[in-house]
Amino acid sequence: MALATVLMMKTESPASLFWSRRLSLTARILAVNIFAVAALAGGIFYLDNYRSNLVQSRQIEDANRIALLAMTAGKINMAERENVLLEFAKQKESRIRVYRRSGEKLTDSFSLQEPQYALRDPATEKWQRHVARFLDRVIDRIVGAPELTSYTEPDRDTLTQWPEMVKAIETGEAISRVRFAPDRTLMISATAPVRGTDMVLLSTRNARTITATVRDQRLALGIIFISVLIVSILLSLFLARTIVRPLQGLASAANQVRLGRARDVEVPRLPTRGDEIGQLARALSDMTNALRQKIDATEAFAADVSHEIKNPLASLRSALESMERVEDPDLQKQLLDIASSDVLRIDRLISGISDASRVDAQLTRAHFLPIDMGEMVADLLANREERQMNEGRSIAYARPRKNVAMVFGESSRLAQVIENLLDNAVSFSPESGLIEIFVTRDGQDVVMQILDHGPGIPEREREQIFHRFYSGRQKESEFGKHSGLGLAIARSIIEAHQGSIVAGSRGDGLSGACFNIRIPAIPTNIILVD
């Protein structure tokens, strides 16, 4: 069986991070949040559009009113006309003037009644008004608002001083125009000819309410914007602090570990944080602890290697030195046998050490595939039988049904574990002894048991036998035949498969050892494709 497993990892290209590669995380958080808040400032564009629509509607309104007034003025007599004009000026807070088409001014409501508005001199206003006008200019420049001309009363008030009146006479229609008063409020003028007469009407009014309304809205928007901006900056700094400071602490600890100070560094675990930062801190702490254990194991392994190799080397040197002084052929042959045995022992130690050193590295790079443990054990037993590796011992195997004992694993290394356990069982079993193998599924695990009828393993040694270079063999066992690394390698392989291996006694009361292996089974909901 084969299972194709593809892990797709999407990485960010350097180009996608070009804008932020030189920015700190704090700066990025601030930039993102302030950018979102800055979108609120776009409301000034809406306010400008609102003001434009409001001014346009007022112009149309004034044009329609002056046209209606001109139509009315053309149908009534002179006495009634003046009263109507004055009443219109009072109600609309406007200034109404009447001109002859020749240019002479006939009537002015400001000279006949109290003026309805007064233009303000900016020089006499408080500083707040100057600030408001300055902000008006700045915002108009930002939004690209058209610059209006300034409104001034002509020194010689004649029809020709008002371009909109000249145009109204030419077109015969009502015309409106908007300009800035000296204090930068709006002045709206509207004019229309009186049909059937030689008169032209002009209405002017200071539309201060438009400017006041827009400024009020801008002030409210500005207050909201500044408030939101301050809150956003404070929240961004708080967020950056809760993210950046722990990351800086973790980075500092990681650098110290990199510099070889792993034992002096305590990586903060941040147990109170349940977010991704807390997960990262605990992962780094666990990684550091695992690294320390690896370093300790490597140092212990190096010391054990030195000790284990030193013994056969000392024996070999002693035998070789003795051979130079011994003349007895039988004694020389005995010393030569000792030297040969020591050389074989060193060779086995080096081979075992090499294999133990490669196991972890190979398993980290291995691609685990579905394996039928029942089928694997059957194949191994058939191969051993063909090569006569059981040395006369009988093996009873309770084989499970196909696909019952399925695990993800690296087949060659799992086979190495089984071969090692079978070699141990054969070496410890009496001649013509029986070795039993059981493979089955137990809940979420696949369980394998290997039992023999040897002397068994004392309870105090059942954990020690998995230590490197440990050997609990009898003194009469062949010297140097076993390196003491087999069971240590077997445990490393099983643990790399997220499993466990333990040694115990037989459960039936008979003499012998029992090795129990558990490896997570492939979930039944995963479909395996042949």
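Residues numbered from 1 in each chain as written. Predicted model: local features only at pLDDT ≥ 70, side-chain atom pairs only at ≥ 80, totals over all residues. Heavy atoms only, no water.

A. View of the overall build of the protein. Helix and strand content of the protein: 12 helices and 12 strands. When each of the 530 residues of the protein is scored for burial, the buried share is 38%. For the protein, the proportion of contacts with a sequence separation of at least 24, taken over those separated by at least 6, is 68%. For the protein, the exposed area adds up to about 31700 Å²; of that, 55% sits on carbon and sulfur atoms. (Helix = DSSP H or I, 4+ residues; strand = E, 2+ residues; numbered from the N terminus. Buried < 20%, exposed > 50% of the residue type's maximum accessible area, 1.4 Å probe, protein only. Contact = heavy atoms within 4.5 Å. Areas by Shrake-Rupley, 256 points an atom, 1.4 Å probe, with all protein chains shown as cover.)

B. Seen up close, the side chain of Thr211. Tracing the sequence through the fold places Thr211 in helix H7 (residues 208–258). Each residue touching Thr211, except ones within four places of it in the same chain, is listed here: Arg184, Thr185 and Leu186.

C. Structural detail: the sheet that holds strand S9 (residues 434–442). Strand order in the open sheet formed by 5 strands is S7-S9-S10-S12-S11, with mixed pairing between adjacent strands. Each having just a single partner strand, strand S7 (394–398) and strand S11 (500–505) make up the two edges of the open sheet. Across the sheet, the mean angle separating the axes of adjacent strands is 15° when strand polarity is ignored. The sheet contact formed by strand S10 (residues 445–451) and strand S12 (residues 513–520) spans 7 bridges and is antiparallel. Its bridge partner lying in S12, Asp445 is registered against Pro520. Helix H10 (residues 373–387) rests against S7, S9 and S10 of the sheet, and its axis sits at about 160° to S7. (Pairing = 2+ DSSP bridges. Axes fitted to C-alpha atoms, helices over the stretch in contact; angles between N-to-C directions.)

D. Highlighting a nonpolar patch on the surface. Together, Phe45, Trp127, Val131, Phe134, Leu135, Val138 and Ile142 make up an exposed nonpolar region whose accessible area comes to about 710 Å². As for its position among the elements, Trp127 is in helix H5 (residues 127–143). Using a relative accessible area of 59% as the deciding quantity, one classes Trp127 as exposed. (Patch = residues over 30% accessible without salt bridge, like charges linked within 9 Å, V, L, I, M, F, W, Y side chains within 5 Å. Salt bridge = Lys/Arg side-chain N within 4 Å of Asp/Glu carboxyl O.)

E. Region of interest: unusual backbone geometry. Positive phi, close to 70°, is recorded for Asn403, a residue that is not glycine. Within the fold, Asn403 resides in the loop between S7 and strand S8 (406–409). In the Ramachandran plot, Ser432 falls in the positive-phi region, its phi being about 65° despite a non-glycine side chain. You can see Ser432 is positioned in the loop between helix H11 (411–428) and S9. Since its relative accessible area comes to 65%, Ser432 is described here as exposed.

F. Helix H3 (residues 78–91), seen in detail. Its 14 residues place the ends of H3 20 Å apart at the C-alpha level, agreeing with the 20 Å of an ideal helix rising 1.5 Å per residue. If you check which residues of H3 are buried, you get Arg81, Leu85, Leu86, Phe88 and Ala89. Taken around the axis of H3, the buried residues stretch over an arc of 160°, which confines them to a single face. Exposed side of H3, more than 90 degrees from the buried face: Ala79, Asn83, Lys90 and Gln91 are the residues found there. The opening residue of H3, the one whose side-chain oxygen lies 2.9 Å from the backbone nitrogen of Glu80, is Asn77. (Expected span 1.5 Å × (residues − 1). Arc of directions from axis to C-beta. Polar contact = N/O pair within 3.5 Å; in protein donor to acceptor, adjacent residues only side chain to side chain.)

G. Examining the packing of helix H2 (residues 43–73) against H7 more closely. H7 packs onto H2 with a crossing angle of 165° between their chain directions and a minimal axis gap of 11 Å. Taken together, the axes of H2 and H7 lie roughly antiparallel to each other. Considering only the axes of H2 and H7, their crossing is right-handed. Contacts between H2 and H7 involve Gly43, Ile44, Leu47, Tyr50, Arg51, Leu54, Val55 and Arg58 from the former and Thr209, Ile210, Thr213, Val214, Gln217, Arg218 and Leu221 from the latter. (Parallel < 35°, antiparallel > 145°, perpendicular 65-115°, else oblique. Left-handed = near helix turned anticlockwise from the far one by under 90°.)

H. Here's a closer look at the packing of aromatic side chains. Here the structure, examined in full by the defined rule, presents 3 aromatic pairs. On the basis of an interplanar angle of 40° and a centroid distance of 6.1 Å, the ring pair of Tyr151 and Trp162 is categorised as tilted. Placement of Tyr151 in the loop between H5 and helix H6 (163–171) and of Trp162 in the loop between H5 and H6 is noted, with a sequence separation of 11 residues between them. Both residues of the pair, Tyr151 and Trp162, belong to the buried class. Taking NZ or CZ as reference, Arg184 lies 4.3 Å from the ring centre of Phe180, over its face. Taking the ring centre of Phe466 as reference, the NZ or CZ of Arg491 above it sits at 4.1 Å. (Phe/Tyr/Trp six-rings, centres within 6.5 Å; stacked < 30°, edge-to-face > 60°. Lys NZ or Arg CZ within 6 Å of the ring centre and 35° of its normal.)

I. Structural detail: the sheet that holds strand S5 (residues 199–207). Spatially, 5 strands are ordered S2-S1-S5-S4-S3 in an open sheet, and the strand pairing comes out antiparallel. Looking at the sheet topology across the chains shown, the edges are occupied by strand S2 (105–108) and strand S3 (175–180). Sheet twist, expressed as the average angle between the axes of neighbouring strands with direction ignored, equals 20°. In the sheet, strand S1 (residues 95–100) pairs with S5 via 6 bridges, with the strands oriented antiparallel. Each residue of the ladder has a partner; that of Arg100, found in S5, is Met199. Those strands touched by H2 are S1, S3, strand S4 (186–193) and S5, and its axis lies near 35° from that of S4.

J. How the structure looks around the environment of Gly507. Mapping Gly507 onto the fold places it in the loop between S11 and S12. Sequence spacing of Gly507 and Leu451 is 56 residues, and the spatial spacing of their C-alpha atoms is 9.7 Å.

K. Structural view of the pattern of salt bridges. Counted under the stated rule, the structure contains 28 salt bridges. The salt bridge involving Glu61 is made with Arg65; its shortest N-O contact spans 2.3 Å. Separated by 4 residues within a single helix, Glu61 and Arg65 lie in helix H2, roughly one turn from each other. On the basis of relative accessible area, Glu61 is assigned to the partly exposed category, the value being 26%. Owing to a relative accessible area of 25%, Arg65 belongs among the partly exposed residues under this scheme.

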